[in-house]
Amino acid sequence: MTKKKIFIIAGAVVAVAALAGLILPSVLGGNKEEFVADVPPAVSAETPQLRSIELSSELIGTIEPSSIVYITPLGAGEITGVNVQTGDTVSAGQLLCVIDTKQVESSRIMAETARITYEDAKKNLDRMAILHAAGDVADADYQSLADKVEMARLQYENAKIGYNLQIESSQVTAPIGGKVESFNVKVHDMVSPQTVLGVISGEGGKGVTFYASERIVGGLKAGDSIQVEKNGTGYDASITEVSTMVDAASGLFKVKASVPGGDTLATGTSVKLSVVSQKVENVLTVPVDSVYYEGGASFIYTYADGALKRNPVTIGLADDDYAEVKEGITAEDQVVTTWTSELYDGSKVTLAGGNGEETQAADSTAETEEAGAETSGSGQ
């Protein structure tokens, strides 16, 4: 009885030992990953580049002639004749209309009277000159008569000036040559110096007027190029005037530009404008995706010696692709351009395609896995 129990116990021990021999290698092989070291994440990096950044703004402008004159009369009165109409082409000095100021005739009579008075006084002085030369007229009397003649001449000259002014007031002429954009007066209309009789646009292309905010106008100056678009057609334009005073009606700054090729653009129509409102040239830039923000402060990660460094930076102008870096990094820094969950100051990383560290880490992982497989096979 005792021998049988010993035999059974010995067989059980052998069975347990054999089972342990089968299970142990499998367990060791199944947990081999616990002995493989973690591989640092790979990041991409690039050095900052010198670039120019421009920001454009879309505005609405109004087409105007390159030169425009508003016609107003010098005097008040009744329109007695109209010589042009809207759409006509006129030359400088051409008669546009006639106004009865009720003073032309009286001024003409005054000038004519002054002329006759002066000529009579001059004839009398000529006769007295002969007598004066013969000694029959005293010097004082002759000089007094000469002074009266001079006075008559001055009165005549003054009367002529008054008459000419009345003629100018009654005859409205074109100050420049060009196209009559509007002329809205008729015979018998009463007008005054405050009445706008019409508008003449000068020859030589079209212009555009638009209004801009202080932020935009700060980046504009005479000579800058802008783009004008109307019904899908683009036109090149050049800024000619930038106002430094706010327009009272709009609260914005008035800007004018010339459109040399815009002769087909109708005066008064609205067009779309594209202007460069902000611009920096030859500044240090990085991709916008490489700039991070925390609590209103901006920072950039750089790579050096297998680790990341967090760099506080000052960001300037930025567009959709690049941002200007005013301070915080140099042109030699390796700026990290990819994101990873291990992105923090001092994090250990490898540089993708940079110095082979990533390849070496991958080779080390492969060797470890191969060694583990061999151990598992030998145990079986």
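Our structure's up above, just so we're on the same page.
Caption draft 1: Main features of the pattern of salt bridges. As enumerated under the stated definition, the model contains nine salt bridges in all. Note that Lys-272 is salt-bridged to Glu-229, the shortest N-O span being 3.8 Å. Here Lys-272 is found in strand 16 (residues 270-287), whereas its partner Glu-229 is found in strand 13 (residues 225-230), with 43 residues between them in sequence. Accessibility expressed as a relative area gives 39% for Lys-272, which makes it partly exposed. Here Glu-281 and Lys-279 are joined by a salt bridge, their closest N and O atoms 3.1 Å apart. In this structure Glu-281 comes out as exposed when scored by relative accessible area, which is 51%. You can call Lys-279 partly exposed: its relative accessible area is 44%. One continuous salt-bridge network, built from bridges that share partners, spans Glu-54, Lys-279 and Glu-281.

Caption draft 2: The sheet that holds strand 11 (residues 198-202), seen in detail. The strand order across the open sheet built from four strands is 4-11-9-6, with neighbouring strands paired in antiparallel fashion. Looking at the sheet topology across the chains shown, the edges are occupied by strand 4 (68-71) and strand 6 (89-90). Across five bridges, the pairing between strand 9 (residues 178-183) and strand 11 is antiparallel. Bridge pairing in strand 11 places Ser-182 opposite Val-199.

Caption draft 3: View of the side chain of Asp-224. By the element assignment, Asp-224 lies in the loop between helix 4 (214-217) and strand 13. For Asp-224, a relative accessible area of 17% translates into the label buried.

Caption draft 4: Expanded view of the nonpolar core. Residues Val-208, Phe-210 and Val-228 are the most contacted members of the largest nonpolar core, which totals 21 residues. Counting residues per element, the ones that place at least two in this core are strand 3 (49-65), strand 12 (206-212), helix 4, strand 13, strand 14 (233-246), strand 15 (253-259) and strand 16. The dominant element in this core, judged by the number of residues it contributes, is strand 15, at four residues. Ignoring anything within four residues of it in the chain, the contact list for Phe-210 reads Leu-59, Ile-60, Gly-61, Leu-220, Ile-226, Phe-253, Lys-254, Val-255, Leu-273 and Val-275. With 15 residues, the next largest nonpolar core counts Val-84, Cys-97, Val-191 and Leu-197 among its residues.

Caption draft 5: Geometry of the pairing of strand 15. Because side chains alternate across strand 15, one face comprises the buried residues Phe-253, Val-255, Ala-257 and Val-259, and the other comprises Lys-254, Lys-256 and Ser-258, none of which is buried. For strand 12 and strand 15, the ladder comprises seven bridges, and the chain directions are antiparallel. When the bridges of strand 15 are listed, Gly-207 appears paired with Ser-258. Here five bridges tie strand 14 to strand 15, and the two strands are oriented antiparallel to one another.

Basis of the calculations
Residues numbered from 1 in each chain as written. Predicted model: local features only at pLDDT ≥ 70, side-chain atom pairs only at ≥ 80, totals over all residues. Heavy atoms only, no water. Salt bridge = Lys/Arg side-chain N within 4 Å of Asp/Glu carboxyl O. Helix = DSSP H or I, 4+ residues; strand = E, 2+ residues; numbered from the N terminus. Buried < 20%, exposed > 50% of the residue type's maximum accessible area, 1.4 Å probe, protein only. Pairing = 2+ DSSP bridges. Core = buried A, V, L, I, M, F, W, Y, C linked by side-chain atoms within 4.5 Å. Contact = heavy atoms within 4.5 Å.

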